[in-house]
Amino acid sequence: MTALILALIAGAVVGLTLGALGGGGSVLAVPVLVYLLGFSPAEATTASLFIVTATSLTALFAHAREGRVRWKAGAAFAAAGIVPAALAGAFAAHLPQAVLTLAFAVVAGLAAARMLRPARSSAASPSASSASAPSSEASGEHRPRTVRVAGAGAGLGALTGLLGVGGGFLAVPALVAVLSFEMQAAVGTSLLVISVNSVASLATRAAAATTLDWAVVAPFTAAAILGAWDGKRLAKKISGPRLQQIFAVLLLAVAAFMLVDALTGLW
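Residues numbered from 1 in each chain as written. Predicted model: local features only at pLDDT ≥ 70, side-chain atom pairs only at ≥ 80, totals over all residues. Heavy atoms only, no water.

**Focus on the side chain of Ser 198**
Here's step 1: Mapping Ser 198 onto the fold places it in helix α9 (residues 183-207).
Here's step 2: Ser 198 has contacts with Leu 49, Val 52, Thr 53 and Thr 160, leaving out every residue within four places of it along the chain. (Helix = DSSP H or I, 4+ residues; strand = E, 2+ residues; numbered from the N terminus. Contact = heavy atoms within 4.5 Å.)

**Some thoughts on the side chain of Thr 101**
Here's step 1: Counting through the fold element by element, Thr 101 comes out in helix α5 (residues 97-116).
Here's step 2: Not counting chain neighbours up to four residues away, the residues in contact with Thr 101 comprise Tyr 35, Pro 41, Met 258, Asp 261 and Ala 262.

**Observations regarding a nonpolar patch on the surface**
Here's step 1: On the surface, a nonpolar cluster with roughly 240 Å² of combined accessible area is contributed by Ile 5, Ile 9 and Val 13.
Here's step 2: Looking at the element boundaries, Ile 5 is found in helix α1 (residues 2-21).
Here's step 3: Residue Ile 5 is classed as partly exposed on the basis of its relative accessible area, which comes to 43%. (Patch = residues over 30% accessible without salt bridge, like charges linked within 9 Å, V, L, I, M, F, W, Y side chains within 5 Å. Areas by Shrake-Rupley, 256 points an atom, 1.4 Å probe, with all protein chains shown as cover. Salt bridge = Lys/Arg side-chain N within 4 Å of Asp/Glu carboxyl O. Buried < 20%, exposed > 50% of the residue type's maximum accessible area, 1.4 Å probe, protein only.)

**Describing the nonpolar core**
Here's step 1: Leu 33, Leu 37, Phe 39, Phe 104, Leu 163, Phe 220 and Leu 251 are the most contacted members of the largest nonpolar core, which has 38 residues in total.
Here's step 2: Among the secondary structure elements, those contributing two or more residues to this core are α1, α2 (26-36), α3 (41-65), α5, α7 (142-163), α10 (214-234) and α11 (240-266).
Here's step 3: Ranked by residue count, the leading element in this core is α5, at 8 residues.
Here's step 4: Those residues in contact with Phe 220, other than ones at most four positions away along the chain, are Ala 7, Ala 10, Gly 11, Val 14, Ala 29, Val 32, Leu 33, Leu 37 and Ile 51.
Here's step 5: Core analysis: the next-biggest nonpolar cluster, separate from the first, contains 16 residues, Phe 77, Leu 175, Val 176 and Ala 185 among them. (Core = buried A, V, L, I, M, F, W, Y, C linked by side-chain atoms within 4.5 Å.)

**Topic: the pattern of salt bridges**
Here's step 1: Applying the stated rule across the entire model yields 2 salt bridges.
Here's step 2: The residue Glu 66 makes a salt bridge to Arg 68 at a minimum N-O spacing of 3.4 Å.
Here's step 3: Note on Glu 66: relative accessible area 40%, which makes it partly exposed.
Here's step 4: Two residues, Glu 182 and Arg 70, come together in a salt bridge whose shortest N-O distance is 2.6 Å. Here Glu 182 is found in the loop between α8 (168-179) and α9, whereas its partner Arg 70 is found in the loop between α3 and α4 (71-92), with 112 residues between them in sequence.

As C-alpha cells, this is what we get:
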C-alpha cells in the first residue's frame, strides 16, 4: 500500500511538471523509482521511458488542440534522435549501476542549473528570424541551421535512450535557440520530440525483456497522465519562471543525493 501511495504521488508530480513546463518532470521519475520504490537503475530508466512516453503523448494532445505544436519542424528534430535513442538504449543495459546513477546525477544537476538561469527575452526573435530568413538562405546559412538541428536532435535522442529521461529541459531551449520558436510553441513541440525519442528507446529496451513491477509502474503512469492535464491548467495560473525555480531547487537536492550515492558505489 505504501508503494502504491508513493507511486501515485510521484506520478502526479511528474505529470504536473511535464504538463506545465514541457519537460523536466521525467528527471524525477528515475530517482523516485530507485530510492523510494526499490527499482534498480536499469529497471528505473526503462520504467521511466514508459511513463515518459505515455505522459508526453497525453500532454502533446493537449497542446496540439491549442495549436502549439509545429509538426513539420518537430518531426525533423525528432527524426535525428531516433537512431541515437535506440542505440543508447541498448548500450545502457551494459553499464554498471553506479555509472548510470552518476550520469543521471550530472544530467539532473545540469537541468536544475538551466532552469535557474534567468530566461532571455526572445520576443523579437520570431519576427527577426522570419524577416531575415530569405537572406539567410540566400547566403548559405540554411545548411548550418540544419546541421545544428540534426546535432541537437541526435544528442537529445542519445540522452533519452541512455538515461530514460525525456530531455524536455534541453529540447525547449534548443527549439528556441536553433529554430527561433516562441516559448509556447517550443514547449508543445518538445513533447513531440520527447514522445518519438522515448518510443524508439523503449522499443530497444523491450527487446531486452526487462521485467518491470507493473503494480507500481501502472499507477505511477496513470497519475502522471492525469497530472499532465492539471499541469497544463496550472501553467495558466502560476508563472513559468516561478514553477521552474521551485522545481529546480528540488532537482538540485535530488542530484546532490544521487551524486553522493554514485560516488560511494564507485569507491
